[in-house]
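# Structure assessment
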There are 2 protein chains.
Amino acid sequence: MGLCMIVLSADKLRQLGEKYLTAAGAMKEEAELVSDFLVRANLAGHDSHGIIRILRYTNNLLEKRIKPGARLEVVRETPSSVLLNGNWGFGQVVGIKAMGIAIEKAERNTIGVSSVFNCNHVGRLADYTLMAAEKNMIGLAFVNASKMVVPFGGMERMLGTNPISFAAPSAEGRPFVFDMATSVCAEGKVWVRLQSKQQLPEGWILDKEGKPSINPSDLYSGGAILPFGGYAAYKGYGLSLMTEILAGIMSGTGCEYNSEFKGGNGVFFEAINISSFIDITEFRKQMETIVKAMRNSKKAPGSNDILVPGDPEERMEKKRLAEGIPLADITWTEFKILADKLQIDMQEITE
Amino acid sequence: MGLCMIVLSADKLRQLGEKYLTAAGAMKEEAELVSDFLVRANLAGHDSHGIIRILRYTNNLLEKRIKPGARLEVVRETPSSVLLNGNWGFGQVVGIKAMGIAIEKAERNTIGVSSVFNCNHVGRLADYTLMAAEKNMIGLAFVNASKMVVPFGGMERMLGTNPISFAAPSAEGRPFVFDMATSVCAEGKVWVRLQSKQQLPEGWILDKEGKPSINPSDLYSGGAILPFGGYAAYKGYGLSLMTEILAGIMSGTGCEYNSEFKGGNGVFFEAINISSFIDITEFRKQMETIVKAMRNSKKAPGSNDILVPGDPEERMEKKRLAEGIPLADITWTEFKILADKLQIDMQEITE
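Conventions we followed
Residues numbered from 1 in each chain as written. Chains lettered and ligands numbered in written order. Predicted model: local features only at pLDDT ≥ 70, side-chain atom pairs only at ≥ 80, totals over all residues. Helix = DSSP H or I, 4+ residues; strand = E, 2+ residues; numbered from the N terminus. Buried ≥ 20, exposed ≤ 12 C-beta atoms within 10 Å, placed from the backbone. Contact = placed C-beta atoms within 7 Å. Least-squares fit on C-alpha atoms with pLDDT ≥ 70 in both. Nonpolar A, V, L, I, M, F, W, Y, C, P; charged D, E, K, R; others polar. Core = buried A, V, L, I, M, F, W, Y, C linked by C-beta atoms within 7 Å. Domains from an automatic or database assignment. Pairing = 2+ DSSP bridges. Axes fitted to C-alpha atoms, helices over the stretch in contact; angles between N-to-C directions. Expected span 1.5 Å × (residues − 1).

Before going further, it helps to examine the overall build of chain A. Looking only at helices and strands, chain A features twelve helices and twelve strands. Principal-axis analysis of the C-alpha atoms places the extent of chain A at approximately 55 × 55 × 45 Å. Scored against the burial criterion, the 351 residues of chain A give a buried share of 60%. Long-range pairs, those at least 24 residues apart, make up 62% of the contacts in chain A with a sequence separation of at least 6.

Okay, structure coming up:
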């Protein structure tokens, strides 16, 4: 974070989010749910998916791109799958329902898949795969989005940052959860660095001429993000295409390089009932073993720690619950400008 | 490839494979099927999964680790899933049957998953996911194996190279197929370079002290392979853990860091019936659009070509069908030594 910032508690941020969303037309329950999702992302340290999104969501509400109270519509259904029209409700509201259906189907039929089109930004995928893990299932999520990422060897935005998430129950206090963009970074991570006036690490983006850049503003003036993988970035590119096909093409959302793209997030959620393969107690025991084995294995020279997915988030949550969540000065200014527009009294929140 | 090598046609290599495998006790149909799979990997340019494996498979047969004619056993079953005991048959024979069952289940029930334990090396995963693509389905495959790869920040072998494959039908001459190790490279690619006396690219392996090395022999004296991802190798590590959980833990195979590891490949195959989500003609049309869009997008400075997964393999296959398949001198010497042991007449093959 840059030097100029404001720090607010998770509760204050939740209130802030609810205020903005309801002022822009969201229903109370939606505003609560969405704000809670965003603040959980902040607590986990993923500010890219945190309360900063309120700035976009509020505009989306005002532009009628998010439709409050929208109803989910079943388009195709089998005992183990469903294709849903999200009717442009909040991505989080649609996402929870979609994963809920996948879990119900998996309860009865081992595997459940839900695929969604006409769906707004669903936020952090871990929130959905964790729903499955909490029901003794494997959760898988693939989501495509607007184009932002180059193909391997290319310089033109063609693919979304196309994240993948995986979660499984564990024997420890919390489930095992993994959530990654198939690009080097999520777009939001560049946005957050732009707002906090930080440079990017090398190897994240190309500028509009296709040259490597560490300036976050280059992304927003015709640049693009690279697929992840370093030497083997063709693998990140392959995973991105896989996600585009599973989440974009299968759902009928399409992909943004194509004029038929419906916009928003194409969603592919899957729940797998573990006990059709292995008893859940044995599975949990094995999960504990794998996690401990990684943590206790020999560290490479110069390495402090061997973590498992979810560890950095858990540490950050402890810290931020205690110390609060920082917001960059520019972000805060944007919130204040928007407060005037929506006639929100900021005093109540920051006191 | 090194300077010293022998070049043989695909047909000659198939005959060679069959001869070795039957001499070591394989049944005729198994030997044909396995040799064909291996030669197809050579044709695709993946010598790591090619005929070089005959050296290991033959030893596995002699040591009774591969059991000719083994019968697959159903351990748990639901309408959309099956857990199979491979009873240590040839990995390829078991793999084909397992994906076949997943496809049958997906035909009736949209999604089919097969999970296998007691299974030998299944070879290249693309061979199985392509089976699904040829039936108008999405094919997914996850496989775990002996430990060879360090966790992110670690120096000790803890995870398999744990490949993932994805295939889908396309409108073009061939399906879309993607197949990657979640490590920087497959172990076999280091083995092939060792045999052809080549150095490794930087960033592939650590030596036994945890220091980066470009000497392939360091892998075989206590070294380990890195997870893929470059700057973001924690993502390759996460995908490797996901594969270990799906393919290793779910199947009951276990993982090699654990004393309960059964050995071989743990398998998780999935087939998804596309038409439960989108009409297959529309899907194929979209696949053609995505592939063309990538190829025709703007190249980065210094880049010759934008490919899609499967392109390099298709090019190599044309070349090798015309020019033959090269084998390193050391590999050929090992084949000759083994021929003496098995009393195989090499003359017939090389003429």
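On to the relation of the copies chain A and chain B, then. Rotating chain A by 180° about the axis while translating it 0.0 Å along that axis superimposes it on chain B, leaving an RMSD of 0.0 Å. Here the transformation between the copies is reduced to the relation of a two-fold axis. An overlap of 100% is found between the interface residues of chain A and their copies at the interface of chain B, pointing to a shared contact surface.

It is worth spelling out the interface of chain A and chain B at this point. Each side of the interface is counted separately: chain A has 67 residues, and chain B has 67 residues. Elements with a contribution of two residues or more to the side of chain A that touches chain B: strand S2 (73-78), strand S3 (81-85), strand S4 (111-117), strand S6 (164-168), strand S7 (176-180), helix H8 (233-249) and helix H9 (280-296) of chain A. Looking at the side of chain A that touches chain B residue by residue, the classes come out as 38 nonpolar, 21 polar and eight charged.

This paragraph deals with the environment of A:Gly254. Residue and element names in this part refer to chain A. Tracing the backbone through its elements, the reader meets Gly-254 in the loop between H8 and strand S11 (266-273). Taking the C-alpha atoms as reference points, Gly-254 and Asn-144, separated by 110 residues in sequence, lie 8.9 Å from one another. Residues in contact with Gly-254, not counting those within four places in the same chain, are Gly-248, Glu-260, Phe-261 and Lys-262.

A:Ile225 and B:Ile225 are the most contacted members of the largest nonpolar core, which totals 236 residues. Contacts of A:Ile225, omitting those with residues within four sequence positions, involve A:Met148, A:Val149, A:Thr161, A:Ser183, A:Val184, A:Cys185, A:Glu187, A:Trp204, A:Ile205 and A:Leu219.

With that settled, the discussion passes to the domain arrangement of chain A. Residues and elements named next belong to chain A. Once the domains are mapped, chain A shows domain 1 (1-69 + 324-351), domain 2 (79-182 + 228-311) and domain 3 (185-225). The distance between the C-alpha centroids of domain 1 and domain 3 comes to 24 Å. Between domain 1 and domain 3, the residue contacts involve nine residues of the former and nine residues of the latter. In the side of domain 1 that touches domain 3, the residues fall into four nonpolar, four polar and one charged.

All names here are of chain B. Taken in spatial order, the three strands line up as S9-S8-S10 in an open sheet, and their pairing is antiparallel. The two strands at the open ends of the sheet, each matched to only one other strand, are strand S9 (212-213) and strand S10 (224-225). By the bridge criterion, two bridges tie strand S8 (residues 205-206) to S10 in an arrangement that is antiparallel. Bridge assignment links Leu-206 to a residue of S10, and that residue is Ala-224.

What follows is about the environment of A:Leu241. Along the chain, the position of A:Leu241 falls in helix H8. According to the C-beta neighbour criterion, A:Leu241 is buried, with 29 such atoms within 10 Å. Spatially, the C-alpha atoms of A:Leu241 and A:Ser259 are 18 Å apart, while their sequence positions differ by 18 residues. When residues no more than four places from it in sequence are discounted, the contact partners of A:Leu241 are B:Phe178, B:Val308 and B:Pro309.

Residue and element names in this part refer to chain A. Read from one edge to the other, the open sheet built from seven strands follows the order S2-S3-S4-S11-S5-S6-S7, with strand pairing classed as mixed. With one partner strand each, in any of the chains shown, S2 and S7 form the two edges of the open sheet. Direction aside, the axes of adjacent strands within the sheet are offset by 10° on average. Across five bridges, S6 lies against S7 in antiparallel orientation. Its bridge partner lying in S7, Ala-167 is registered against Val-177. Relative to S4, helix H4 (residues 91-109) is tilted by about 155°, and along the sheet it contacts S3, S4, strand S5 (137-144) and S11.

Here we come to helix H1 (residues 10-23) of chain A. Residue and element names in this part refer to chain A. With 14 residues, H1 extends 20 Å between its outermost C-alpha atoms, agreeing within 8% with the 20 Å of an ideal straight helix rising 1.5 Å per residue. Taken residue by residue, H1 has Leu-13, Arg-14, Leu-16, Gly-17, Glu-18, Lys-19, Tyr-20 and Leu-21 as its buried positions. Against strand S1 (5-8), helix H2 (28-43), helix H3 (53-62), strand S12 (325-328), helix H11 (329-342) and helix H12 (347-350) lie the buried residues of H1. In the stretch just after H1, Gly-25 is the one whose phi turns positive, near 115°.

Moving on to the environment of B:Glu77. All names here are of chain B. Structurally, Glu-77 is set in strand S2 (residues 73-78). Judged by the 15 C-beta atoms lying within 10 Å of it, Glu-77 is partly exposed. As a C-alpha pair, Glu-77 and Gly-229 span 152 residues in sequence and 37 Å in three-dimensional space.

Here the focus is unusual backbone geometry. In most cases, non-glycine residues show a negative phi, while peptide bonds are predominantly trans. Residue and element names in this part refer to chain B. Of note in this structure, Asn-136 is not a glycine but carries a positive phi near 60°. Mapping Asn-136 onto the fold places it in the loop between helix H5 (126-133) and strand S5 (137-144). The phi angle at Gln-343 is positive, at roughly 55°, despite the residue not being glycine. In this fold, Gln-343 is placed in the loop between helix H10 (329-342) and helix H11 (347-350). Exposure remark for Gln-343: the 7 C-beta atoms within 10 Å place this residue in the exposed category.

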